[in-house]
Amino acid sequence: MRRVWIPKPNGDKRPLGIPCVADRVIQQAIAQVLTPIYEPVFSDHSYGFRPGRSAHQAVQKVREDLRAGKRIVVDLDLAAFFDSVNHDVLMRLLAQRVKDKRVLKLIGRYLRAGVVIEGVQHPTPLGVPQGGPLSPLLANIVLHELDVYLQQQKRSFARYADDFVICVRILAIVITDYYDRDHCGSALGAGGEIFNRRDHDRSMFLCFFASILR
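A. Structural detail: unusual backbone geometry. Of note, the phi angle at E118 is positive, near 50 degrees, even though the residue is not glycine. If you trace the backbone, E118 turns up in the loop between β4 (115–117) and β5 (120–122). Here E118 falls in the exposed class, since its relative accessible area comes to 80%. Backbone geometry places A161, a non-glycine residue, at a positive phi of 60 degrees.

B. Molecular detail of the pairing of strand β7 (residues 163–168). Most of β7 sits out of view: 6 of its 6 residues are buried. Burial along β7 is two-sided: D163, V165 and C167 facing one way and F164, I166 and V168 facing the other are all buried. Summarising the sheet, strand β3 (residues 72–78) and β7 pair through 6 bridges and their orientation is antiparallel. Its bridge partner being in β7, V73 is matched across the sheet by C167.

C. Quick peek at helix α5 (residues 101–111). Every buried residue belonging to α5 is among L104, I107, G108, Y110 and L111, and all of these are buried. Taken end-on, α5 shows its buried residues confined to a sector of 160 degrees, consistent with a single buried face. Turned more than 90 degrees off the buried face of α5, the exposed positions are R102, K105 and R109. Here the buried face of α5 lies against α1 (21–38), α4 (87–95) and α6 (135–152). Measuring from the backbone nitrogen of R102 back to the side-chain oxygen at the start of α5 gives 2.9 Å, which picks out D100 as the cap.

D. Looking closely at the environment of V103. By the element assignment, V103 lies in helix α5. Separated by 73 residues in sequence, V103 and I30 place their C-alpha atoms 7.8 Å apart. Once you skip the residues sitting within four places of it in the chain, V103 turns out to touch I30 and V98.

E. View of helix α2 (residues 55–67). Look at α2: 19 Å from first C-alpha to last across 13 residues, which is about the 18 Å you get at 1.5 Å a residue. Along α2, the residues classified as buried are A55, A58, V59, K61, V62, R63, D65 and L66. Among the residues trailing α2, G69 stands out with phi positive, at a value near 95 degrees.

F. View of the packing of aromatic side chains. One pass over the full model with this rule turns up 3 aromatic pairs. Geometrically, the ring pair formed by F49 and Y160 is tilted, given 5.8 Å between the ring centres and 50 degrees between the ring planes. Here the residue F49 occupies a position in the loop between α1 and α2, and Y160 occupies one in strand β6 (residues 156–160), the gap between them amounting to 111 residues. Taking the relative accessible area as the measure of exposure, F49 reaches 48% and is therefore partly exposed. Measuring from ring centre to ring centre gives 5.4 Å for F81 and F82, while their planes differ by 75 degrees; the resulting arrangement is edge-to-face. Here F81 falls in the buried class, since its relative accessible area comes to 1%.

Conventions adopted
Residues numbered from 1 in each chain as written. Predicted model: local features only at pLDDT ≥ 70, side-chain atom pairs only at ≥ 80, totals over all residues. Heavy atoms only, no water. Helix = DSSP H or I, 4+ residues; strand = E, 2+ residues; numbered from the N terminus. Buried < 20%, exposed > 50% of the residue type's maximum accessible area, 1.4 Å probe, protein only. Pairing = 2+ DSSP bridges. Arc of directions from axis to C-beta. Contact = heavy atoms within 4.5 Å. Polar contact = N/O pair within 3.5 Å; in protein donor to acceptor, adjacent residues only side chain to side chain. Expected span 1.5 Å × (residues − 1). Phe/Tyr/Trp six-rings, centres within 6.5 Å; stacked < 30°, edge-to-face > 60°.

Laid out in structure tokens, this is it:
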């Protein structure tokens, strides 16, 4: 898999893994088989890279929470999430629903295939390379564990891939250990970083503004 870098708005660079044509076709076939298995169990709070769901719907969910009086918005980002997914945890999660060991073996080979940077192959002991058709689904499978945890805590939230917000009335929650470390902590890497807090009728999410319409 060829590794390329694209610039991010903050000046950093995002790594992409570009699979060859044959691998892209096979990954797309796997995604089409697995999507109907996982879609029924994915959270209604998850909007990224799913059929029939969009960033606009995620923003609408935040707008509804603001309207309901939950005007403190905790904006979180999982730093370098795609680069730090633990392969063993991901494969264990996949094995809970995918019973065909040939498919699991094939996915494992893709995860550990390595990347080529300037003609030199490098191993990939961690991560789900962005750029292939299968990566978004694998990311959602891991992050579904976070969705389940937040739902169990009865939090109002919206997630689009590794970008999500939690809306609350009172800032009485501490997001320091918001996932079950024994179950999926290692898959989520270093966890989340709170980088903003807003207490307004207007909040920005996914480059959109969610406002209370009066």
